[in-house]
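# Observations on the three-dimensional arrangement
Letter by letter, the chains look like this.
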Amino acid sequence: VVAGEGLLAGDLCPSSASKVWVLPGGTTLQDRPLGLQLFNPFPEDALVTVEAISEEGFEPSPDLERVSVPGRSWRTLALGALLPFRQRLSVTVQTEQGRIIPAMVQTNGVDQATWTDVGRSEVWEFPLVVVGALQPLLAIANDGPLEVTYSLDVFTTAGPVEGVAEGLIQAGGEDRVSLAGLAEGTYGVRLRADGPVSAVIVGETEGQVAATSGAPLTASRWMLPGAGATAAARTSLWFLNTGAAPITVTYQVLDAGGTVENPGKVTLPAGTVRSVALDQVGISGVIAESTGGFSAAWSAETELATIYSSGVPVGE
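None of the values given here were measured: they were computed from a predicted structure. Residue numbering note: each chain is counted from 1, following its sequence as written. Totals for whole chains, interfaces and linings use every residue, but because this is a predicted model, local features are given only for residues with pLDDT of at least 70 and side-chain atom pairs only at 80 or more, for both listing and counting. For side-chain calculations, the full set of non-hydrogen atoms in the structure is used, while hydrogens and water are omitted.

### Digging into the sheet that holds strand β10 (residues 101-108)
On the basis of which strands lie adjacent, the open sheet formed by 4 strands has the order β8-β4-β10-β11 and antiparallel pairing. A single partner strand is all that each edge strand has here, and the edge strands are β8 (73-78) and β11 (111-115). Direction aside, neighbouring strands of the sheet carry axes that sit 20° apart on average. At least two bridges found by DSSP between two strands are what make those strands a pair. Helix and strand definitions follow DSSP, with helices as H or I runs of at least four residues and strands as E runs of at least two, each counted in order from the N terminus. Relative to β10, strand β4 (residues 34-40) is paired through 6 bridges, and the arrangement is antiparallel. Across the sheet, residue L34 finds its bridge partner in β10, namely Q106. What counts as an axis is a line fitted to C-alpha atoms, over the stretch in contact for a helix, and the angles between N-to-C directions run from 0 to 180 degrees.

Right under this line is the structure:
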């Protein structure tokens, strides 16, 4: 988590390195710098090739081919300078030698958002869609060899509405869907596709940007590291139950000394979403669990900046 004057950003740390990374959701429109950070914490040097896709299609660039990243170092590729004025930009990072961990860094005004690839799935759940005045969009990338069709379901505090939008993504392509106005108040979204895709939620307004990946699975226990760590920001937890039975989620806040007493509880009827405000000071994370499967995320906001973050599912 990074906090500064007018800035909130953060992301989950990947637990493994992949040979192929897919990062949708960027833009290089005017006054919105976009960087691709290539991090190599390993001792061996790495060599990668970056493939960029925009509304113009595949974007060849010699500066993105066979990029070297020495061991124990990083490089940042200024995509805004290499491919300016693209309304939408998705990248695939192919590792030819060694290992790297990439991250997309989008800037809007002073505020930043950062995210990395979390894999591919035919189902993605997004408990967190919009905070405050941010305008949400869903960026979906298909790096496979076949076209993929998808549909979106919306979950409100009152219940589900299935099939609110449908689309098709060509092989090696990206699609974007505005999620603004799909429902009143708090709502979550589920993406269902007939092939594996990567997906990211991006929220933007004047001078603010936030982004996070979704949950490719449900779990009965989630860790939300970083939730509450920024004392000057208002932190909220987001829980989504897409199942057919009601559940009760118990959430326990954490500080440097361990769990804090008096856990909170929230009931989620079948096919609903809930948002819970955290008012504790000095905490740095949350554990949420239930008897049934659900998905979880958290957000934090000040008057000038916002952060979105997904959670980490904990195995049985």
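### Some remarks on the nonpolar core
Nonpolar cores are built from buried Ala, Val, Leu, Ile, Met, Phe, Trp, Tyr and Cys residues. Side-chain atoms within 4.5 Å join them into one set. Buried means the residue's accessible area, taken with a 1.4 Å probe over protein chains only, is under 20% of the maximum for its type, while exposed means over 50%, and partly exposed covers the values in between. Core analysis: the biggest nonpolar cluster contains 28 residues, and L138, Y150, L152, L179 and L191 have the highest contact counts within it. Elements represented by at least two residues in this core include exactly β12 (121-126), β13 (135-142), β14 (148-156) and β17 (187-205). It is β17 that contributes the most residues to this core, 7 residues altogether. Contacts were defined at the residue level, with two residues in contact if any of their heavy atoms lie within 4.5 Å. Ignoring sequence-local partners within four residues, the contact set of L191 consists of E122, V123, W124, I140, Y150, S151, L152, V197 and A199. Within the second largest apolar cluster, 27 residues are counted, among which are V48, A52, L77 and V93.

### Description of a nonpolar patch on the surface
Residues enter patches when their relative accessible area tops 30% and they take part in no salt bridge; the joining distance is 9 Å for like charges and 5 Å for the nonpolar side chains Val, Leu, Ile, Met, Phe, Trp and Tyr. Here, Shrake-Rupley sampling with a 1.4 Å probe gives the accessible areas, and only protein chains in the shown set may cover a residue. We count a salt bridge whenever a side-chain nitrogen from Lys or Arg sits within 4 Å of a carboxyl oxygen from Asp or Glu. A cluster of nonpolar residues, V161, V164 and L182, forms a patch on the protein surface that exposes about 200 Å² of accessible area. Its place among the elements puts V164 in strand β15 (residues 160-169). V164 gets classed as partly exposed once you look at its relative accessible area, which sits at 33%.

### Regarding the pattern of salt bridges
Within this structure, the stated rule accounts for 13 salt bridges. The partner of R190 in a salt bridge is E162, with the nearest N and O atoms 3.7 Å apart. With R190 in strand β17 and E162 in strand β15, this pair connects stretches of sequence that are 28 residues apart. For R190, a relative accessible area of 13% puts it in the buried group. One salt bridge connects E303 with R234, and the closest N-O pair in it is separated by 3.5 Å. Remark: R234 occurs in strand β20 (residues 234-241) and E303 occurs in the loop between β25 (285-301) and β26 (306-310); sequence separation between them is 69 residues. On the basis of relative accessibility, which here comes to 43%, the residue R234 falls in the partly exposed class. One salt-bridge network, held together by shared partners, links D153, E162, R190 and R192.

### Let's talk about the pairing of β17
In terms of burial, β17 is a largely internal element, 15 of the 19 residues being buried. Sheet analysis places β12 next to β17, joined by 5 bridges and oriented antiparallel. Counted as the bridge partner of F126 is V189 from β17. Alignment of β13 against β17, held across 7 bridges, turns out to be antiparallel. Paired with A141 across the strands is S198, a residue of β17. Sheet analysis places β14 next to β17, joined by 7 bridges and oriented antiparallel. Note that in β17 the partner of L152 across the bridge is L191. In this sheet, strand β18 (residues 208-213) lies alongside β17 in antiparallel orientation, the contact comprising 6 bridges. Looking at the pairing, E204 lines up with V209 of β18.

Remember, this is a structural readout, not a statement about activity or role.
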